[in-house]
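Here is what each chain is made of, one letter per residue.
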Amino acid sequence: MNRVAKKSAGILAAAIVVGAVGAAPLTTAGVATADTGSYFERTATYPVYQNDPDGAAAETASEISTVSEDGKTLIYSDALARQVGFVDISDPAAPKGLGTLPLHQLGSPEDEPTSVAAYGEYVFVVVNTSESYSNPSGRVDVVRIADRTLVHSIELTGQPDSIAISEDGAYAAIAIENERDEDAGDGGLPQAPAGAIEILDLVGENPEAWSVREVPLTTGTREAPIALPMLSDAGFDTPQDPEPEYVTINAKNQLAVTLQENNGVVLIDLPSGDITGAFSAGSVDLENIDIEEDGKLDPTGSLKDVPREPDAIGWIQDRYLATANEGDWKGGSRGFTIFDSETGEVAWDAGNTFERLALSQGLFPEKRAGKKGVEPEGLAIDSFNGVDYAFVASERGNFVAVYELSDPTNPEYLQTLPTTNGPEGILPIPGRNLLAVASETDEADKGVRSSITLFSFGATEAQFPALASSIENLVPFGALSGLSDNPEYSEKLYAVSDNAYEPRIYSIDTAQEPALIESSMAVTKDGGPAEFDLEGIAARAEGGFWAAHEGEEGAENALLRIDEAGAVTEEVPLPAEVVAELGGQGLEGVSVRGEGAEEEVIFTLQREVPGEDFVRIGKYVPGSAEFTWYGYQLEPAGDDGSWNGLSEITELPDGSFAVIERDKRNGENAQLKALYKFELPEGVAGEVTMLEKELAVDVLPVLEATNGWTQEKLEGLAIAGSGDAYIVTDNDAVDDASGETVFANLGTAAEVFGIGERPVESQAPDETNAPDESASPEASPTAEPSQHPEVNETPNEETTEPKQEQSSEPTTEPSEGESEQRKIDRLADTGVNSLWLLPVGLVAAGLGLAAAIKNSRARR
């Protein structure tokens, strides 16, 4: 479905050009404009447990997928449950499970599918039947798709991995990996028996007449294989144990196969079965990447002479070969490479750009930094609308990067497609303008399940990211847990990250598309690194911030005063008599109003203090050190073991307050992601005054709007000086989570919350920030020194990369006419000042948004 909305100003703007050492230039695809409709857009995310008879209790996963000849039945391998699944994708927006074929019906309950490939009315199911690593075996089952009956079985000489079918339908090729036992010896090579390639000659229409022939990749015996001279001459690591991994066939019936552990590629002529070439995938030097698991997003590391160790491989225009360089036991170059098959030379290499793409979009798995980083594993090449595209999957970053390949020696980055955990099987379906991605990781205990994600081709702009930094001036981010307005700039925000990383305060420019994380600074204590779990941030009118630190135990919860340079100048513990029994889930949001002696810090706990049936919201007055408490009644959580809690508190322009109330659920189970508002009455110290809350907006439709895995942690809410209301989700640092950050503009606070202007006595010091029909959307520059300088310290300030200058002055204001045009644009975009078409109901503004939301979307 194409969206009629403002064109994204080139995803990541002109930022996908990296001049870092060891990285090839990477440009934004010129063909992908709003006029040509050359983007992919997510239409559905289908958890495959829904296709299993055991439902949510099933241990099931999708790994490799294929599609029927008419493009309407998707078939996937499920090694975890030892079955093959079938899904009806006739409607890409509403996939329907068609059930599974357990392999015990074809052979043995111990059989494991490793791959599938559709062929006419049949599907080849590649099966591992090995009893041990030292005695590998396998077979190919030919199954009729229509009735799922076994038509024919073909025995193989060893343990199979991937399969590919030639374009003319004459051949199928299977990689017989005979994988090593990682627990044997040092877990390395060689380990007999050696792998090979098997070719199925698909002559005639009768499967029983199809025959198989082997292409050995070694000589000698099964117990003592000997390396082929051609493989030895290519410089392979251990050529006597080739372990073929992934196969691909071009239109000339040339087979290319990766030998991942051997860091090489072998070429085979399918008609003759002759090995025609072999070349090493080589190594690469990487600069400006994150190589240490240390709780920091720190792209200042380097790796030297790293073997690429390619996994998936695909032909480009019958000559070039693209490889996803996942790595194995010795390497992994964290990117992908394009080789000239005629010479074996590198035609192009991603260098550090693939990993830095993840860093710039909040998708970097920091806990894998010391290993193989984003681990590009899956790869597919295909043509849509006459243009070749490469799809490269990050197994650990949970995304697929799309590149346009008009010139195979100069790929052009197009967009990023977020997925669920562990994307591996990438299936282009050009005949239906679809792309299917099978994600194999099933995190049932975390709530993120293995899924098939469908994308349609032809969208006019990219859905993702809605929030990013540039690659040239990289500001890595993730785990955003709170938002605040920026009193000095009406279209800028502050954000803070929780203890998934070292604490940092980020500056966001919402006027950019996508919204730009332009800088960040570390939060420090006593001149050194600080260890805080920052769950909320609020900019002070007189400069600096208040932040909410959530302690591991109740007594450790504290309000922090932070100066403009990020230094903690005061820690205010919460009263022990209130929070001492709170084991966790303490301070979760903070807001501030007034200044000087009138300054008040309003904060919220996430969940109930033991023994109470309400959540406490507090007010702290720094001038008197006095606390006042209020009680907030949560919505019922249900009886499924989930819970509801508060994630944020923000003052609204009229002086009332809004909170995020959310449940613990994610995915299709998510039920409560909402904004409530209330007035904060005068309370009496030492007592708890109960609040009367009112539903303002159900945010769940916003989180579901792009058909992905619904995020659990809606954690940030802020009203910018422009008057717009923004939300953000915490992506859990891509750790047992999909890692997708949702950042969205819900529209103006007046429209979202059904409120008027802030009373004059409650105005922020710079009254030009107040939203007004005639005012420009940003504060005008003043001659006064800024009390909120740009957060301009970035994690990689010592790198050799070129930096963009960061101005400490406010940007030039748009004219009044431009401001009115911006309002018109917002109405045309249905309230979106980001990349999303968010159904938050600006069309209902004339009737009052809050009433419309409550009448039409109230779920409980």
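Residues numbered from 1 in each chain as written. Predicted model: local features only at pLDDT ≥ 70, side-chain atom pairs only at ≥ 80, totals over all residues. Heavy atoms only, no water.

Colleague: Explain the overall build of the protein chain to me, please; I cannot follow it from the model alone.
Modeller: What the protein chain contains, in helices and strands, is 7 helices and 56 strands. Taking all contacts inside the protein chain whose residues are at least 6 apart in sequence as the whole, residues at least 24 apart take part in 57%. On the protein chain, roughly 30100 Å² of surface is accessible, and the fraction owed to carbon and sulfur atoms is 46%. (Helix = DSSP H or I, 4+ residues; strand = E, 2+ residues; numbered from the N terminus. Contact = heavy atoms within 4.5 Å. Areas by Shrake-Rupley, 256 points an atom, 1.4 Å probe, with all protein chains shown as cover.)

Colleague: How should I be thinking about the pattern of salt bridges in this particular structure?
Modeller: A side chain with one charge can pair with a side chain of the opposite charge if their charged atoms come near. Considering all chains together, one arrives at 39 salt bridges under this definition. With a closest N to O distance of 3.2 Å, K492 and E518 form a salt bridge. In this pair, K492 sits in strand β36 (residues 492-497) while E518 sits in strand β38 (residues 515-522), placing the two residues 26 residues apart along the sequence. Among the ionic pairs, R593 bridges to E600, the shortest N-O distance being 2.8 Å. With respect to burial, R593 and E600 carry one shared label: buried. If you follow the salt bridges from partner to partner, you end up with R593, E600, K619, E651 and E682 in one network. (Salt bridge = Lys/Arg side-chain N within 4 Å of Asp/Glu carboxyl O. Buried < 20%, exposed > 50% of the residue type's maximum accessible area, 1.4 Å probe, protein only.)

Colleague: Please clarify how the environment of G195 should be interpreted in this entry.
Modeller: Mapped onto the elements of the fold, G195 is located in the loop between β12 (171-176) and β13 (196-201). Owing to a relative accessible area of 3%, G195 belongs among the buried residues under this scheme. Dropping the residues within four chain positions of it, G195 is found in contact with I176, E177, N178, L217, P242, E243 and P244.

Colleague: Just to check I follow, could you spell out the packing of aromatic side chains for this structure?
Modeller: The geometry of an aromatic ring pair is captured by the separation of the ring centres together with the interplanar angle, meaning the angle of the planes. In this structure the tally under the stated criterion is 28 aromatic pairs. Consider the rings of F40 and F457, whose centres lie 4.9 Å apart with planes at 50°: the pair is tilted. With a gap of 417 residues between them, F40 in strand β2 (residues 39-47) and F457 in strand β33 (residues 451-459) connect regions that are remote in the sequence. The same class applies to F40 and to F457, which are both buried. Centre to centre, the rings of Y620 and F627 are 4.8 Å apart; their planes meet at 40°, and the pair counts as tilted. Exposure class is identical for Y620 and F627. Each is buried. Three or more aromatic residues link up through ring pairs in this structure, and these residues are F336, W348, F354, F399, Y403 and Y413. (Phe/Tyr/Trp six-rings, centres within 6.5 Å; stacked < 30°, edge-to-face > 60°.)

Colleague: Before we go on, may I ask you to explain the pairing of strand β31 (residues 423-429) in this structure?
Modeller: As a general feature of sheets, a regular strand has side chains that alternate between the two faces. With 7 of 7 residues buried, β31 is to be regarded as a mostly interior element. The pairing of β31 with strand β32 (residues 434-439) spans 6 bridges and is antiparallel. Directly across from P428, in β32, lies its bridge partner L435. Taking the residues that link successive antiparallel strands as the turn, the β31-β32 hairpin has 4 residues, and the phi of N433 there is positive, at about 55°. (Pairing = 2+ DSSP bridges.)

Colleague: For this particular structure, what's the right way to read the confidence of the model for the protein chain?
Modeller: Fine structural detail should not be taken from predicted coordinates in areas where pLDDT scores are low. Confidence along the protein chain averages 87 in pLDDT terms, with 84% of residues attaining 70 or more. Here residues 1-34 is modelled with pLDDT under 50, and outside its nearest four sequence neighbours on either side it reaches 114 contacts, counting other chains as well. Low pLDDT, under 50, characterises residues 794-860; the predicted model gives this stretch 160 contacts beyond four residues in sequence or across chains. (pLDDT = per-residue confidence, 0-100.)

Colleague: Can you help me understand the environment of E443 in this one?
Modeller: Residue position: E443 is located in the loop between β32 and β33. Taking C-alpha positions, E443 is 6.9 Å from D736, a pair spaced 293 residues apart along the chain.

Colleague: Help me out: how do you make sense of the nonpolar core in this one?
Modeller: One broad trend across soluble globular proteins is that nonpolar side chains are buried collectively. Core analysis: the largest hydrophobic core is formed by 36 residues, its most contacted members being L559, F603, I617 and F678. For F678, the contacting residues outside a window of four places in its chain are I617, Y632, I649, S656, F657, V659, L691, E692 and K693. Counting 33 residues, the second-largest nonpolar core is a separate cluster that includes A324, I338, W348 and F399. (Core = buried A, V, L, I, M, F, W, Y, C linked by side-chain atoms within 4.5 Å.)

Colleague: Just checking my understanding: could you explain the environment of A94 for this structure?
Modeller: Summarising the element assignment, A94 is placed in the loop between β5 (83-88) and β6 (96-102). Counting along the chain gives 48 residues from A94 to Y46, while the straight-line C-alpha distance between them is 8.4 Å.

Colleague: Before we go on, may I ask you to explain the sheet that holds β13 in this structure?
Modeller: Within a beta sheet, neighbouring strands are joined by backbone hydrogen bonds and run either parallel or antiparallel to one another. Pairing within the open sheet is antiparallel, and its 4 strands lie in the order β11-β12-β13-β14. At either end of the open sheet lies a strand with only one pairing partner, and these are β11 (160-165) and β14 (211-216). Adjacent strand axes in the sheet meet at a mean angle of 20°, parallel and antiparallel pairs treated alike. Bridging between β13 and β14 involves 6 bridges; their strand directions are antiparallel. By the bridge assignment, A196 is partnered in β14 with P216. (Axes fitted to C-alpha atoms, helices over the stretch in contact; angles between N-to-C directions.)

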